[in-house]
Amino acid sequence: MNRFSGTKLKQVNPHIPKYFVIVLIVSFILLVVCVIVSLVFGSKMVGFDEVIDGLFHPNTTSYDANIVRNRIPRTIFSLLCGVALGVSGALMQSVTRNPLADPSILGVNTGASLFVVIGIAFFNISSANQYIWLALVGAAFTTVIVFGIGSLGRNGATPIKLVLAGTATSAALSSFVTAILIPRSHTMEQFRFWQVGSVGSGSWDSITTFAPFLVTGVLIAILTAPALNAMALGDEAATGLGVRTGILRFASSLGAVLLCGAATALAGPIGFIGLLSTHVMRLVLGPDLRFVIPMSAISGAIILTLSDVAGRLIGSPGELEVGVVTAFIGAPLLITLAIRSKVSSL
Amino acid sequence: MKPEHVFEVDQIVAGYDHKTIIKEVNLVIPNNKISVIIGPNACGKSTLLKTMARLLKPASGEVVLDGKSIEKIPSKKLARTLGLLPQSPIVPEGISVADLVGRGRFPHQSLLSGWSKKDYEAVAEAMDIMNITKLANYHIDELSGGQRQRVWIAMALAQQTDILFLDEPTTFLDITYQVEILDLLTDLNHKYGTTIVMVLHDINLSARYAHNIFAMHSGKLMAEGKPSEVITSTLIKDIFGLNCQVIEDPVSGSPSVVPIGRHHINYS
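Residues numbered from 1 in each chain as written. Chains lettered and ligands numbered in written order. Predicted model: local features only at pLDDT ≥ 70, side-chain atom pairs only at ≥ 80, totals over all residues. Heavy atoms only, no water.

- As annotated in an unreviewed UniProt entry, chain B carries the name Iron-dicitrate ABC transporter ATP-binding protein and is attributed to Oceanobacillus neutriphilus.
- In its Subcellular location (unreviewed entry) section, the UniProt record describing chain B reads: "Cell membrane". (UniProt positions renumbered as here; feature names shortened; annotations may be inferred.)

- In the nomenclature of an unreviewed UniProt entry, chain A corresponds to Iron ABC transporter from the organism Oceanobacillus neutriphilus.
- UniProt, in the comment section headed Subcellular location (unreviewed entry), describes chain A in these words: "Cell membrane".
- The heading Sequence similarities (unreviewed entry) in the UniProt record of chain A holds the text "Belongs to the binding-protein-dependent transport system permease family. FecCD subfamily."

And the structure:
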């Protein structure tokens, strides 16, 4: 064994992706840029001096410095939502072994929506603390149903069956949402704002409500990444490598549900972030999830925050909800991916 | 030589849903030897291999490794003794050769440990044995069928198990690559004493490379033993329903099946 010297080994085992360091540096620069533009731009633009005042000089009470202070929780909240949605997308794509999987494709978003609507319509629920539990239960409920339907028949829950089950369940659940909303104009009003997806309501309260779910979900993702790498080779090969695929699918899905359910509850269903962030990273870093998952978190945060800023600028003097912006960027990408990745071969 | 293991299949009944495919099979895998399971299509040879590799839970009976049912052995621990190369594993998009081979190290790594020196050595050694060290940075999509199969076997080798199961490792390969793969597996067996069990379609190559043959028909084990004892025209007629002559392979001296068919007369 000694004939393999350390340097030679590093050469033949490029386990750290080629562009990892560059990607890491660029991501952090972008992240800082994101935070700055998110604090500066909006229906009222503030100067850089005021940003510094707002951030570091708590005694300055100028109008602009206060605007900056108000934008701080919004910025943090949008970064965290981006992390949650990016990681959740990466997990779902791995669990279903489907490059197009996203919380919306597996119906998890719709399930969360349905439960929130039921809460608003029948139980007069209106606070984020209550939304989050309803949305989580809804997301979990949908996941169980989708996995249940998807596992029927021979070979268990194959990727293609999961996606079909997700799409069908999503269609059924959204018809329930419509049925509940149509006769109730008040619920409709309240639901509409939530449904489009906005991080504008992000406050310190929503951040503290969100944090435990975010931390748990991200931890699950990081811990299951090596096993998910093995499962990428197929269930049989993974079993041969000692992965218990049933337990792994359950754990990773739980992480995905926590992340996407909590983000959906607080910001409304924001689509495509999981798809966008993960694909950008897969493209430059390759398929190793130990790198793709953390980097999807960062790229998700960047994409969501920039989308939010774009929404504020485009919609000026009001604002355009971030859910609309991400759908606008995400839809063309989805089509490109569908063509490129030969979905039919699934 | 690898340590001694006792791998037994005890009264296995197995299948899918309500269809029984394997009907009460008993066998012991010879240690440090190459065993090949042969039989016609749908005779249950792949199902038997899958049951032995714990991909399929038997309806009754037990698969026993060193006196313990494999279902009771922690899955990662079992994966350090028993490796498996399935018939059609999935290639993740854009994966490199080194990354794929490295994934064989999974059972040797704990939840938080990174890559140890041992892991790098195992990967380098596996690639060296399979002669793919130069391909380390290539993408799998750029390789030929024979090279790909060598990469997959290297992945299973990096797992460093004493026992290795392979489900039709030569199917879909040209004859040159079939021989190349079987030669490499024989090297592995000679050099490290790895116990190899595989399903093969080609009876003549099986007879040449196997120390031990398991012949199956309709979910039952019909014969087992050395190729020279097992491969006879009577057995081939019984399990494949084929009239044939068995001659001596002029290269290896192992039995070789020459089929007869309807349009040719048996002159002997």
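Let us keep going from here.
### Quick word on the packing of helix α9 (residues 204-231) of chain A against helix α13 (residues 289-314) of chain A
Residues and elements named next belong to chain A.
Link 1 in the chain: Here α9 crosses α13 at 145°, and the two axes come no closer than 8 Å. Along this stretch, α9 crosses α13, giving a crossing that reads as right-handed. Residues Ala221, Ala225, Pro226, Leu228 and Asn229 of α9 touch α13, and the partners they reach there are Leu289, Arg290 and Ile293.
Link 2 in the chain: Here the contact of α9 with α13 is built from residues that sort into six nonpolar, one polar and one charged. (Axes fitted to C-alpha atoms, helices over the stretch in contact; angles between N-to-C directions. Helix = DSSP H or I, 4+ residues; strand = E, 2+ residues; numbered from the N terminus. Left-handed = near helix turned anticlockwise from the far one by under 90°. Contact = heavy atoms within 4.5 Å. Nonpolar A, V, L, I, M, F, W, Y, C, P; charged D, E, K, R; others polar.)

### Here we look at the sheet that holds strand β9 (residues 212-217) of chain B
Residue and element names in this part refer to chain B.
Link 1 in the chain: Strands sit in the order β6-β7-β8-β3-β9-β10 across an open sheet of six strands; the sheet is mixed. In this open sheet, the two edge strands, each paired with only one partner strand, are β6 (82-85) and β10 (220-225). Direction aside, neighbouring strands of the sheet carry axes that sit 15° apart on average.
Link 2 in the chain: Here four bridges tie β6 to strand β7 (residues 163-167), and the two strands are oriented parallel to one another. Counted as the bridge partner of Gly83 is Leu164 from β7. (Pairing = 2+ DSSP bridges.)

### Looking at the nonpolar core
Link 1 in the chain: Membership of the largest hydrophobic core comes to 133 residues, with the highest contact counts inside it found for A:Phe210, B:Val97, B:Val101, B:Ile132, B:Leu185 and B:Met198.
Link 2 in the chain: Excluding anything up to four places from it in sequence, B:Ile132 contacts B:Val97, B:Val101, B:Met127, B:Arg150, B:Val151 and B:Ala154.
Link 3 in the chain: Formed by 30 residues, the second largest nonpolar core is a distinct cluster that contains B:Tyr16, B:Leu27, B:Leu56 and B:Phe165. (Core = buried A, V, L, I, M, F, W, Y, C linked by side-chain atoms within 4.5 Å. Buried < 20%, exposed > 50% of the residue type's maximum accessible area, 1.4 Å probe, protein only.)

### Let's talk about the pattern of salt bridges
Residue and element names in this part refer to chain B.
Link 1 in the chain: The tally for this structure, following the rule as stated, stands at 13 salt bridges over all chains.
Link 2 in the chain: Here Arg103 ties to Asp99 by a salt bridge, and the two come within 3.2 Å at their closest N and O atoms.
Link 3 in the chain: The class of Arg103 is buried, set by a relative accessible area of 6%.
Link 4 in the chain: Here Asp99 falls in the buried class, since its relative accessible area comes to 11%.
Link 5 in the chain: Residue Asp119 is joined to Arg105 by a salt bridge in which the shortest nitrogen-to-oxygen separation is 2.8 Å. With Asp119 in helix α4 (residues 117-129) and Arg105 in the loop between α3 (97-102) and α4, the pair connects residues that are 14 residues apart, well separated along the chain. (Salt bridge = Lys/Arg side-chain N within 4 Å of Asp/Glu carboxyl O.)

### Section: the interface of chain B and chain A
Link 1 in the chain: On the side of chain A, 31 residues touch chain B, which itself brings 43 residues to the contact.
Link 2 in the chain: For the pairing of chain B and chain A, the buried interface totals around 3,200 Å² over both sides, and the portion due to carbon and sulfur atoms is 64%.
Link 3 in the chain: For the chain B face of the interface with chain A, the top three residues by lost area are B:Arg103, B:Phe106 and B:Tyr120, together amounting to 19%.
Link 4 in the chain: Between chain B and chain A we count one salt bridge in total.
Link 5 in the chain: Listing elements by their share of the side of chain B that touches chain A, those giving two or more residues are α2 (75-78), β6, α3, α4 and α5 (145-158) of chain B.
Link 6 in the chain: Here the side of chain B that touches chain A gets seven residues from one element, more than from any other, and that element is α4(B).
Link 7 in the chain: Its residues assigned to classes, the side of chain B that touches chain A shows 24 nonpolar, nine polar and 10 charged. (Buried area = accessible area lost by both parts, 1.4 Å probe.)

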